[in-house]
Amino acid sequence: MKPKHGHQTGQTAQETLTVKMRPPAVALTLLGVFFRLDGLSGQRSKPDHGHDGGRTKTHHTRQHQNQPHIIFILIDDQGFNDIGYHNPTIQSPTLDKLAAEGVKLENYYVQPICTPSRSQLMTGRYQIHTGLQHSIIRPSQPSCLPSHMDTLPQRLQQLGYSTHMVGKWHLGFYRKACLPTRKGFDSFFGSLTGSVDYYSYGSCDGPGVCGYDLHDDEGVAWGYEGKYSTTLFTQRARKVLEGHQPTERPLFLLLSLQAVHTPLQPPKSYIYPYRDMANVARRKFAAMVSTVDEAVRNVTYALRKYGYYKNSVIIYSTDNGAQPFTGGSNWPLRGRKGTYWEGGVRGVAFVHSPLLKRRRRVSTDLLHITDWFPTLVGLAGGNISQSPGLDGFDVWSTISEGKASPRKEILHNIDPLHKPPAPTTAWTSSTEGDAVIQPKGTVLKKTLKKKKKKKKKKILRLQPKQKSAFKVKTSNKPHGFSHHAPKTKPKPKLNLKPNTEASPQQKTSTSHRPRPKQNTHGDRNALASGTSQPKTPPQKRLGFKSKSKRTLPQSQNLSESDQTKPRPDQVQFRLKSKSRRTLTRYRNTTQAGTAPPRPRPTPPPSVWDTLVQAAIRVGDWKLLTGDPGHGDWVPPQVLTSLPGRWWNLERASYKSPKLKSVWLFNITADPYERQDLADQRPDVVRQLLDRLAYYNRTAVPVYFPPDDPRANPDHHRGAWVPWVDEDEDPEGKYHGVYKKRKYSKKKKKKTKGRLCKLQSFFLKLNTRMMSSRI
């Protein structure tokens, strides 16, 4: 029986179906519809009676619709000059378009090497709070992320996200509790070590210690040899997108590509567009950037195809600066991967999303890789206060709306294990405001009188034997620290104007420090702004006449120990007087008519041991201490060959001439770090050293254990897999520190005599002359 008005306006498919049914069926259908509507109306009129499952499901569906899909693309070793919108010779049209339509992050910082950057992305905490301050996690080391800290995927899982990771892990795997699937990811496909062959998936931890490294969840993924890793990882990412329902549950996908890390193995078809590049390494590196560009294009196409794009946030970031020895380029920035110069820590990054309120712009606000944890948790509707001790900030309003960034400073790192021998010069500053670089020991030499020469020589002989004043806390208790001031002890304000009242921990040393002159206009924001100001010399203070007339330059670190032995490599303030007496900054001062102090007063601790490798950014200012690493400006295609194995580049920086141990730059005015202002602005140096002292008091001990021979892939069918059972060894059992044997042999040779020391000196001098092409 055909309906007479099958095309009338308002007729539904249900009405058409009832016409075809028999009369009893029609009646039952109408009654069912009536009671269903009545039940719904009753639920709406009485919303507080009970907990209906349908309402709960509808509520979660609406909540999931408000939660965006998060796609985080992490690239390995891509430098500042290795993307198309910074360097037109690099062909990356997809990346350029996504960045142009989104927000380019041009003041974004990462860590100088792989493991620290990835650990801070996962935990939202500085590496001084995770014990990973030193180097990377090597394949044979029994180390990984601390078990008591929550991770970004774990928090997103709690908020209802489906979490997946594809690509490089490099955060430790010595036990199954360290694997990505135990750290919050529902699935994992990729490599666990730091560097893998792009076709064979072989990974080596030094000569002769090699194994297969490709894993699917917690098992070895055999049989993928011959498939290019960037293509393989992209295919798996598209498979994850295809198998997920975007309308039912939000998705977090971390695509951590191995490219463009060594070895340089691009497919030949990608090399051809760069055939005009003379440098072979640079040519291959650029080709690998093109493979990344194509991978991102395929992923974004899948996002549009499967219905993710309109409610998605795409984040693109590198993990550290490029390595010029392997074809990368950070030009015009200074330094390279593994250093704390801008070339090692300023990263390429952008955000692309239809959810951005202000798009097609460049952001110069200060951002750090630790900010992604609270930002993405907050974007997903979570409460960041449930993760104590975060060092990152929620910067979504900065990225999306262009508001000012809540971040004002970045602690790049404090590495107490990276402490070279004493430098040949020390950073000193006179009370006239002129900072002077003096050779080691000259302060003593110029201030002692002739009748005290014997005592002077004795002091100089004792200096090389002194131990480091830098100490790290040895407590094994887990520490949680918060970067946000209202929830913790208030941080000391960064004020160039001297404080009239010192804090309890500073009262012992404030009275002994030379104070800069007061600024009538106030210098509260001078440190953060980094504006150039006239030199502010410290106030001259009259010193007492000591009977012994000995100068005791002191060295002490931030741990505030009672070390009293003299060392010339610290920050020293001296008075230039006609009597040639040098007063250290900790020497007591007395007024007229008062009794002179003791001949050997116990000095208070100094601000910072400048031999310790550390770097901090506060406002426009950046301070580096110790050995920040290879600090040359390397234009593209200058270096033509790799000087050594990749593991040497990862673990040890090339020894640069240690002419000093303190550097200060105004990064906003001098982004290329060509004008060192440490001598001109000792007041700023002092304030930044105080900030390092503050952070160091919150640091946990470094965990960098020696290699475990049980990790050798020969014991596990030729693959890198977890080698420690969960019940066998407790976490944190290993207390030793990894050291290379060849370094200990060199140290033994140096202790033979003056002739060997002289030969070593000329050998180093010749090496430096050759490296500088003199």
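No experiment lies behind these values; they were computed from the predicted model shown.

Draft legend 1. Quick look at the overall build of the protein chain. Looking only at helices and strands, one finds 20 helices and 21 strands in the protein chain. Within the protein chain, the fraction of its 774 residues that count as buried is 53%. Taking the intrachain contacts of the protein chain between residues at least 6 apart in sequence as the baseline, contacts between residues at least 24 apart amount to 76%. Accessible surface, the protein chain as shown: approximately 37,500 Å² in total, 54% of it carbon and sulfur.

Draft legend 2. Region of interest: the nonpolar core. Counting residues in each nonpolar core, the largest one holds 54 residues, and the members touching the most others are I71, L214, L241, V292 and Y316. Taken together, the elements giving at least two residues each to this core come down to β1 (69-75), α4 (93-101), α7 (229-243), β10 (251-256), α8 (268-271), α9 (280-305) and β11 (312-318). In terms of residue count, α9 provides more of this core than any other element does, 12 residues in total. Beyond its immediate sequence surroundings of up to four residues, I71 is in contact with L241, L251, L253, V299, L303, V313, I314 and I315. Residues F72, L74, L132 and L390 belong to the second largest nonpolar core, which totals 51 residues.

Draft legend 3. Summary view of the environment of L105. Relative to the helices and strands, L105 is located in strand β2 (residues 103-105). Given the relative accessible area of 1%, L105 is considered buried. Separated by 246 residues in sequence, L105 and V351 place their C-alpha atoms 7.7 Å apart. Not counting the four nearest positions on each side in its chain, L105 is found in contact with G347, A349, F350, V351, S363, L367, W372 and I399.

Draft legend 4. Focus on the sheet that holds strand β20 (residues 621-625). Spatially, β15-β19-β20-β21 is the arrangement adopted by the 4 strands of the open sheet, whose pairing is antiparallel. Looking at the sheet topology across the chains shown, the edges are occupied by β15 (409-415) and β21 (662-666). Ignoring which end each strand starts from, the neighbouring axes of this sheet average 10° apart.

Draft legend 5. Structural context of the side chain of Q127. Here Q127 lies in the loop between α5 (114-123) and α6 (152-158). A polar contact is formed between the side chain of Q127 and the side chain of Q120, at a distance of 3.1 Å. Not counting residues within four places of it along the chain, the set of residues in contact with Q127 comprises Q111, P116, Q120, L132, Q133, H412 and N413.

Draft legend 6. Spotlight on the pattern of salt bridges. With the rule as written, the count across this model stands at 21 salt bridges. Between D82 and R282 there is a salt bridge, with the nearest N and O atoms lying 2.6 Å from each other. With D82 in the loop between β1 and α4 and R282 in helix α9, this residue pair connects regions lying 200 residues apart in the sequence. As a salt-bridge pair, R182 and E218 come within 2.7 Å of each other at their nearest N and O atoms. One end of the pair, R182, is in the loop between β4 (162-168) and β5 (187-191); the other, E218, is in the loop between β8 (215-216) and β9 (219-220), and 36 residues separate them in sequence. On the basis of relative accessibility, which here comes to 39%, the residue R182 falls in the partly exposed class. Exposure remark for E218: the relative accessible area of 34% places this residue in the partly exposed category. Several salt bridges share partner residues, and in doing so they unite D76, R118, K168 and D319 into one network.

Draft legend 7. Expanded view of the state of the cysteines. Applying the stated criterion across every chain, the model contains 2 disulfides. The disulfide that involves C204 links it to C210, with 1.9 Å between the sulfurs. Judged by the torsion about the S-S bond (105°), the C204/C210 disulfide is right-handed. Overall, the relative accessible area of 33% leaves C210 in the partly exposed class. Here the protein chain pairs its bonded cysteines, counted in sequence order, in the arrangement 1-2, 3-4.

Draft legend 8. Spatial organisation of the pairing of β20. Counting buried residues along β20, 5 of its 5 residues qualify, which places the element largely inside the surrounding structure. With 5 bridges joining them, strand β19 (residues 613-618) and β20 adopt antiparallel strand pairing. Bridge pairing links A614 to T625 in β20. From the end of β19 to the start of β20, which pair antiparallel, there are 2 residues, and G619 there has a positive phi angle of about 60°. Alignment of β20 against β21, held across 5 bridges, turns out to be antiparallel. Bridge pairing links W621 to N666 in β21.

Draft legend 9. View of unusual backbone geometry. The omega angle of the peptide bond from T262 to P263 is 5°, so this bond is cis rather than trans. Position of P263 among the secondary structure elements: in the loop between β10 and α8. The residue after W331, namely P332, is reached through a cis peptide bond having omega 5°. The residue P332 is located in the loop between β11 and α10 (342-345) in this model. With a phi angle near 55°, R360 is a residue other than glycine that sits in the positive phi range. Looking at the element boundaries, R360 is found in the loop between β12 (349-352) and β13 (361-363). The exposure class assigned to R360 is exposed, which follows from its relative accessible area of 61%.

Draft legend 10. Inspection of the pairing of β11 at higher detail. By the criterion of burial, β11 is predominantly enclosed, with 7 of the 7 residues buried. Burial along β11 is two-sided: the residues S312, I314, Y316 and T318 and V313, I315 and S317 are all buried. Pairing of β1 with β11, which is carried by 7 bridges, proceeds in the parallel orientation. Across the sheet, the residue bridging to F72 is I315, located in β11.

Draft legend 11. Representation of the packing of α4 against α9 in the model. The geometry of α4 relative to α9 is characterised by a closest axis approach of 7 Å and an angle of 55° between their N-to-C directions. By the angle class used here, α4 and α9 are oblique. Listed contacts from α9 to P93, T94, L95 and L98 of α4 are D293, V296, R297 and T300. Within the contact of α4 with α9, the residues separate by chemical class into 4 nonpolar, 2 polar and 2 charged.

Criteria and cut-off values
Residue indices follow the written sequence of each chain, beginning from 1 at its first position. Only residues with pLDDT of at least 70 are given local features in this predicted model, and only at 80 or more are side-chain atom pairs given and counted; all residues enter the totals for whole chains, interfaces and linings. In computing side-chain properties, one takes all heavy atoms of the structure into account and sets aside hydrogens as well as water. Working definition: helices are DSSP H or I runs of at least four residues, strands are E runs of at least two. Numbering for both runs from the N terminus. Partly exposed residues are those whose accessible area sits between 20% and 50% of the maximum for their type, while under 20% is buried and over 50% is exposed, using a 1.4 Å probe and protein chains only. Contacts are residue-level and defined by heavy atoms, with any inter-residue pair within 4.5 Å sufficient. In short, Shrake-Rupley with a 1.4 Å probe defines the accessible areas, and a residue's cover is counted only from the protein chains shown. As used in this record, nonpolar core signifies buried Ala, Val, Leu, Ile, Met, Phe, Trp, Tyr and Cys residues forming a set joined through side-chain atoms within 4.5 Å. Think of it this way: DSSP has to see at least two bridges between two strands before they count as a pair. Between N-to-C directions, angles cover 0 to 180 degrees, with each direction set by a line fitted to C-alpha atoms, over the stretch in contact for helices. Under the rule applied, a polar contact is a pair of N or O atoms within 3.5 Å (in protein, one hydrogen donor and one hydrogen acceptor; residues adjacent in sequence only if both atoms are side-chain atoms). What counts as a salt bridge is simple: a side-chain nitrogen of Lys or Arg found within 4 Å of a carboxyl oxygen of Asp or Glu. Our working definition of a disulfide is a cysteine sulfur pair at a distance within 2.5 Å. The scheme is simple: roughly parallel for angles under 35 degrees, roughly antiparallel for over 145, roughly perpendicular for 65 to 115, oblique for anything else. Classification convention: Asp, Glu, Lys, Arg as charged; Ala, Val, Leu, Ile, Met, Phe, Trp, Tyr, Cys, Pro as nonpolar; all other residues, Gly among them, as polar.

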